[in-house]
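Spelled out, the chains give:
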Amino acid sequence: MRNFLLCTLLVAIVLSSCVGGGDGADEPSLRFVVVTHGQASDPFWSRVQQGARQAGRDVGVRVEYQAPESFDVVTLGQLIDAAVASQPDGLIVSIPDADALGLPIERARKAGIPVISINSGYDHAEELGMLVHVGQTEYEAGYESGERMATSGVSKALCVNQEVGNLALDRRCEGFAAAMATSGAESELLAVELADPTESEQRIRAALRTNEEVDGLLTLGPTGALPALRAVEAEGKRDAVSLASFDVTPEILSAIEGGYMLFAVDQQPYLQGYLPVILLALHCRMEMMVANDVVRTGPGFVTPDNVARRLR
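Bear in mind the structure is a predicted one, so any value in this text is a computation, not a measurement.

Considering the overall build of the chain
Okay, step 1: Along the backbone of the chain there are eleven helices and twelve strands.
Okay, step 2: Computed over its C-alpha atoms, the radius of gyration of the chain comes to 20 Å, within 12% of the 20 Å expected for a compact globule of 312 residues.
Okay, step 3: Seen through its C-alpha atoms, the chain measures out along the principal axes to roughly 60 × 40 × 35 Å.
Okay, step 4: Burial analysis of the chain (312 residues in total) assigns 53% to the buried set.

The structure is reproduced here in structure tokens:
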């Protein structure tokens, strides 16, 4: 992966030199549209957007970012159709629901628009005709998380899902449950509300009171992690319940440093935005593309042993 990123950086420099340095002096010759299910106001997706826009500046590509106001695959499909109608040179999409988004993506391909998928949908990317998928393999990330949590001594955990129906998040919980079961431990799904952190905290608190055997929580993103941290504290179970989460925020890093969380799964959202823009620019300008079906940006694990480097 390190060699791949080095090569990508070198290519970005070469492409940038071909378009006047990518500093805005020249009108971008290409336009890419990024359509994802996550809003740029979300800490995770803001990093995806930052990566995409920086890549656009680096290689002289106009990048437009679009997303529904909330998680809604119907609206997401409509945004993909609108992007296709605008005739971009390339399209970057997340695929939280392959069944719902298959037709809009097919219409993009029939229109001759090259498409790369990011973040979610890696297990459907090939059948949907993606040039490549950029992200982490979600089931495997969930499985590795389950192994780590079981090894830490957790015997009964809740997988806290803030977007049930989002294929990527569902697969994380599936992998987590499989690993816990293999280790002789248990895992149950707990659905919470993405848009309502107060209600999410109350649901987690209720689950902890109802089932006192629960000694572990895995949240699938910052919108679940912060309510979980508050819930464990409010219930006086900081020493009895182990926490872990997907994705990284300053609050999550501080919790790991303070010993309140076991680990965080880092899938590098900045790269999920940056790399597909570079790869599409290569494809459009030089007819080049990596041979991999998936360019993996994770999972990487932030633990008490390495969190200090993230806090610098």
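After presenting the structure, the write-up continues.
Re the sheet that holds strand β6 (residues 156-161)
Okay, step 1: Reading across from one edge, β7-β6-β8-β9-β10-β12 is the order of the six strands in this open sheet, with mixed pairing throughout. Two strands close off the open sheet at either side, each with one partner strand: β7 (186-191) and β12 (300-302). Going across the sheet, the axis of each strand differs from the next one's by a mean of 20°, ignoring polarity.
Okay, step 2: Taken strand by strand, helix α7 (residues 197-210) contacts β6, β7 and β8 (216-219), and its axis lies near 145° from that of β7.

Here we look at the sheet that holds strand β3 (residues 90-94)
Okay, step 1: A sheet is described by the order of its strands in space; here six strands give the open sequence β2-β1-β3-β4-β5-β11, paired in parallel fashion. In this open sheet, the two edge strands, each paired with only one partner strand, are β2 (61-66) and β11 (294-298). Within this sheet the neighbouring strands show an average axis-to-axis angle of 20°, counted without direction.
Okay, step 2: Across two bridges, the pairing between strand β4 (residues 115-118) and strand β5 (residues 133-136) is parallel. Counted as the bridge partner of Ser117 is His133 from β5.

Focus: the nonpolar core
Considering soluble globular proteins, one finds that nonpolar side chains tend to be buried as a cluster.
Okay, step 1: Judged by nonpolar contacts, the single largest core of 27 residues is most densely connected at Phe32, Val61, Ile116, Val134 and Val277.
Okay, step 2: Contributions of two or more residues to this core are made by β1 (30-35), α2 (43-59), β2, β4 and α10 (269-286).
Okay, step 3: Residue contributions to this core peak at nine residues, all from α10.
Okay, step 4: With residues near it in sequence (within four places) discarded, Val277 still touches Phe32, Ala52, Ala55, Gly56, Val59, Val63 and Ile92.
Okay, step 5: Counting 24 residues, the second largest nonpolar core, distinct from the first, contains Leu158, Ala231, Leu243 and Ile256.

Description of the packing of aromatic side chains
Okay, step 1: Inspection of the entire model under this criterion finds four aromatic pairs.
Okay, step 2: With centroids separated by 5.2 Å and ring planes inclined at 75°, the aromatic side chains of Phe44 and Trp45 adopt a geometry described as edge-to-face.
Okay, step 3: When its relative accessible area of 7% is taken as the criterion, Phe44 is described as buried.
Okay, step 4: Sitting above the plane of the Phe301 ring, Arg148 keeps its charged end 4.0 Å from the centroid.
Okay, step 5: A cation sits over an aromatic face here: Arg238 above Tyr260, 3.9 Å from the ring centre.

Here we look at a negative patch on the surface
Okay, step 1: A cluster of acidic side chains, namely Asp99, Glu126, Glu127 and Asp293, defines a negative patch on the protein surface.
Okay, step 2: Judged by relative accessible area, which is 63%, Glu126 ranks as exposed.

Some points on the confidence of the model for the chain
Okay, step 1: A residue-level look at the chain finds 91% of positions with pLDDT of 70 or above and a mean pLDDT of 91.
Okay, step 2: Note on residues 17-25: pLDDT under 50 across the span, and 13 contacts to partners over four residues away in sequence or across chains.

Concerning the packing of α7 against helix α8 (residues 222-234)
Okay, step 1: Packing of α7 against α8 leaves a shortest axis separation of 8 Å and a crossing angle of 50°. Taken as axis vectors, α7 and α8 run oblique relative to one another. Here α7 runs over α8; the crossing is right-handed. Contacts from Pro197, Ser200, Glu201, Ile204, Arg205 and Leu208 in α7 reach Gly224, Pro227, Ala228, Arg230, Ala231, Val232 and Ala234 in α8.
Okay, step 2: Of the residues belonging to the contact of α7 with α8, the class tally is eight nonpolar, two polar and three charged.

Some thoughts on the state of the cysteines
Okay, step 1: One pass over the full model with this rule turns up one disulfide.
Okay, step 2: A sulfur-sulfur distance of 2.0 Å marks the disulfide that ties Cys159 to Cys173. Taking the sign of the S-S torsion, -90° for the link of Cys159 and Cys173, the bridge is left-handed. One end of the pair, Cys159, is in strand β6; the other, Cys173, is in helix α6 (residues 167-182), with 14 residues separating them in the sequence.
Okay, step 3: The exposure class of Cys159 is buried, given its relative accessible area of 1%.
Okay, step 4: By relative accessible area, Cys173 is classed as buried at 11%.

Regarding the pattern of salt bridges
Okay, step 1: A full pass over the atoms with the stated rule returns 15 salt bridges.
Okay, step 2: Salt-bridge contacts for Arg62 lead to Glu64; the nearest nitrogen and oxygen are separated by 2.9 Å.
Okay, step 3: For Arg62, a relative accessible area of 47% puts it in the partly exposed group.
Okay, step 4: Here Glu233 makes a salt bridge to Arg238, at a shortest N to O gap of 2.4 Å.
Okay, step 5: Residue classification places Glu233 among the partly exposed positions, given a relative accessible area of 44%.
Okay, step 6: One network of salt bridges, with partners in common, ties together Arg31, Arg62 and Glu64.

About the thresholds
- Here the residue numbering is sequential within each chain, running from 1 through the sequence in written order.
- Per-residue local features are limited, in this predicted model, to residues with pLDDT of at least 70; the limit for side-chain atom pairs, both in listing and counting, is 80 or more; totals at the level of whole chains, interfaces and linings are taken over all residues.
- With hydrogens and water stripped out, all remaining heavy atoms of the structure feed into the side-chain values.
- Counting from the N terminus, the helices are DSSP H or I runs at least four residues long and the strands are E runs at least two residues long.
- The atom set for the radius of gyration is the C-alpha atoms, and the globule formula is 2.2 Å times the number of residues raised to the power 0.38.
- Relative accessibility under 20% of the residue-type maximum defines a buried residue, over 50% an exposed one, and the middle range a partly exposed one, all with a 1.4 Å probe and only protein chains included.
- By this definition, two strands are paired if DSSP reports at least two bridges between them.
- Axis lines are fitted to C-alpha atoms, over the contacting stretch for helices. Their N-to-C directions set the angle, which ranges from 0 to 180 degrees.
- Contact definition: two residues touch when any of their heavy atoms are within 4.5 Å.
- Definition used in this section: a nonpolar core is a set of buried Ala, Val, Leu, Ile, Met, Phe, Trp, Tyr and Cys residues joined via side-chain atoms within 4.5 Å.
- Side-chain rings of Phe, Tyr and Trp (the six-membered ring for Trp) are treated as a pair once their centres are within 6.5 Å; stacked means planes under 30 degrees apart, edge-to-face means over 60, and tilted covers the remaining angles.
- The criterion is that NZ of a Lys, or CZ of an Arg, lies within 6 Å of the ring centre and within 35 degrees of the ring normal, and then a charge sits over that ring.
- Only residues above 30% relative accessible area that lack a salt bridge enter a patch, with like-charged residues linked at up to 9 Å and the nonpolar side chains Val, Leu, Ile, Met, Phe, Trp and Tyr linked at up to 5 Å.
- What sets the accessible areas is the Shrake-Rupley method with a 1.4 Å probe; for residues, cover comes only from the shown protein chains.
- Note on definitions: salt bridges are taken to be side-chain nitrogens of Lys or Arg within 4 Å of carboxyl oxygens of Asp or Glu.
- Positive charges come from Lys and Arg alone, negative charges from Asp and Glu alone, with His and the N- and C-terminal ends not counted.
- In this description, the location of a charge corresponds to atom NZ of lysine, CZ of arginine, CG of aspartate or CD of glutamate.
- pLDDT measures the predictor's confidence residue by residue and takes values from 0 up to 100.
- For classification purposes, angles smaller than 35 degrees are called roughly parallel, those larger than 145 roughly antiparallel, those between 65 and 115 roughly perpendicular, and all remaining angles oblique.
- Each crossing gets its handedness from the near helix: less than a right angle anticlockwise from the far helix is left-handed, clockwise is right-handed.
- Under the scheme applied, nonpolar residues are Ala, Val, Leu, Ile, Met, Phe, Trp, Tyr, Cys and Pro; charged residues are Asp, Glu, Lys and Arg; polar residues are all the others, including Gly.
- Throughout, a disulfide means two cysteine sulfur atoms within 2.5 Å of one another.

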